[in-house]
Amino acid sequence: THFGFQTVDKGDKASMVAGVFHSVAKQYDIMNDLMSLGIHRLWKRFTIDASGVRPGNKVLDLAGGTGDLTAKFSKIVGQEGKVILADINSSMLNVGRDKLRDKGLVQNIEYVQANAEALPFEDNSFDIVTIAFGLRNVTDKDKALRSIYRVLKPGGRLLVLEFSKPEHEILNKVYDFYSFNILPKMGEFVAKDSESYQYLAESIRMHPDQDTLKAMMDDAGFEQTTYHNLTGGIVALHKGFKF
Ligand code: SAM
């Protein structure tokens, strides 16, 4: 592929990911709805419900992009709580901030440009950290998981919403066809950017499967780690606690 994703070194992967998200930021929301037929909304709703978020909580929506989860959290945590939308990419943060401000969500949200691998927050700061469709873009995932663990409060939890491995071989084949043939064409047609959507398909295929990611969370120190497959395992929600 143009990106040679499998062979690039660490610095190249980071700058390639930056290029992809600078390029797709403005079209990101519409492409999300199109590519997932709107189902990403259900996956995100499931994540909010599984987080156990309560009024007054402090939440970090990491790799938060255009802020779908942040918007939902903001309404629940209320005046006493806080949501930090953190993302490495200034274009995604700008689109997110404009969208949430247009919705009138201003009171309890902060925007921070940050790399998941080296979070600029104090130890034991958050009740909940979410990273939705973000972890697969991070170069050193183990480092990011340790960084997230550090900033969680004892009793706090991490939720990782991410593409994963479909449970059945037939679904796997259909999904592969969709990812490598249809998705880049949609990217070309709607966003005039097939390369970014080719990267998306490759990054999904390279991402660790359910049990591998669970083991990585265990290694980073998380306890009671579990996962829940959504849409036949196309997506999985992993959860783990810091005690
Ligand atoms: N969470 C949003 C959602 O579910 O719609 C956005 C997901 S988007 C596919 C992935 C986001 O991860 C992008 O906004 C990208 O800039 C961000 N990202 C990539 N690498 C990152 C890193 N190392 N640290 C923080 N954010 C990162």
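Since the model is a prediction, treat every value here as computed from it, not as a measurement. (Residues numbered from 1 in each chain as written. Predicted model: local features only at pLDDT ≥ 70, side-chain atom pairs only at ≥ 80, totals over all residues.)

S.K.: Which residues make up the UniProt feature "binding site: S-adenosyl-L-methionine" (unreviewed entry) in the chain, and what values go with them?
M.R.: Mapped onto this structure's residue numbering, the UniProt feature "binding site: S-adenosyl-L-methionine" (unreviewed entry) falls at Thr 66, Asp 87, Asn 115 and Ala 116. Considering the arrangement of structural elements, one finds Thr 66 in the loop between β1 (58-62) and α4 (68-77). Residue class for Thr 66 comes out buried when judged on the 23 C-beta atoms lying within 10 Å of it. Discounting chain neighbours no more than four positions away, the residues touching Thr 66 are Tyr 28, Asp 29, Met 92, Val 95, Gly 96 and Lys 99. Turning to its location among the elements, Ala 116 is positioned in the loop between β3 (109-113) and β4 (126-132). (UniProt positions renumbered as here; feature names shortened; annotations may be inferred. Helix = DSSP H or I, 4+ residues; strand = E, 2+ residues; numbered from the N terminus. Buried ≥ 20, exposed ≤ 12 C-beta atoms within 10 Å, placed from the backbone. Contact = placed C-beta atoms within 7 Å.)

S.K.: Describe in detail the environment of Gly 52, supporting the description with residues and values.
M.R.: Along the chain, Gly 52 falls in the loop between α3 (40-51) and β1. Take Gly 52: there are 12 C-beta atoms within 10 Å of it, and that puts it in the exposed class. Remark: the alpha-carbon pair of Gly 52 and Arg 157, spanning 105 residues in sequence, is separated by 9.3 Å.

S.K.: Quick one: what's the story with the site of the ligand, residue by residue and with numbers?
M.R.: Neighbouring the ligand are 19 residues, the closest being Ala 63, Gly 65, Asn 89, Ala 116 and Ala 132. Here the residues of the shell around the ligand are counted per class, giving nine nonpolar, seven polar and three charged. (Near = placed C-beta within 6 Å. Nonpolar A, V, L, I, M, F, W, Y, C, P; charged D, E, K, R; others polar.)

S.K.: Residues and numbers for the sheet that holds strand β2 (residues 82-87), please.
M.R.: If you walk across this open sheet you meet the seven strands as β3-β2-β1-β4-β5-β7-β6, and the pairing is mixed. Single-partner strands in this sheet number two, and they are β3 and β6 (223-230). Neighbouring strand axes in the sheet, compared pairwise and without regard to direction, differ in orientation by 15° on average. Sheet topology note: the β4/strand β5 (residues 152-163) ladder contains six bridges and is parallel. When the sheet's bridge partners are listed, Val 129 is paired in β5 with Leu 158. (Pairing = 2+ DSSP bridges. Axes fitted to C-alpha atoms, helices over the stretch in contact; angles between N-to-C directions.)

S.K.: Report on the packing of helix α6 (residues 141-151) against helix α9 (residues 210-219), specifying residues and quantitative values.
M.R.: Packed helices, taken two at a time, are described by the angle their axes make and the gap between the axes. Contact pair α6 / α9: the axes reach a minimum separation of 9 Å and the direction vectors enclose 50°. In this view, α6 runs oblique relative to α9, as classed from their interaxial angle. Note on packing geometry: the crossing formed by α6 with α9 is right-handed. In this structure, α6 contributes Lys 141, Asp 142 and Leu 145 to the contact, and α9 contributes Met 216, Met 217 and Asp 219. Residues that form the contact of α6 with α9 fall into these classes: three nonpolar, no polar and three charged. (Parallel < 35°, antiparallel > 145°, perpendicular 65-115°, else oblique. Left-handed = near helix turned anticlockwise from the far one by under 90°.)

S.K.: Residue-level account of the packing of helix α7 (residues 169-191) against helix α8 (residues 194-206), with values.
M.R.: With their axes 7 Å apart at the nearest point, α7 and α8 run at an angle of 150° to one another. With respect to α8, the axis of α7 lies roughly antiparallel. Regarding α7 and α8, the two cross each other, and that crossing is right-handed. Two secondary-structure elements touch here, α7 through Ser 179, Phe 180, Leu 183, Pro 184, Lys 185, Met 186, Gly 187 and Glu 188 and α8 through Ser 194, Ser 196, Tyr 197, Gln 198, Leu 200, Ala 201 and Ile 204. In the contact of α7 with α8, the residues fall into eight nonpolar, five polar and two charged.

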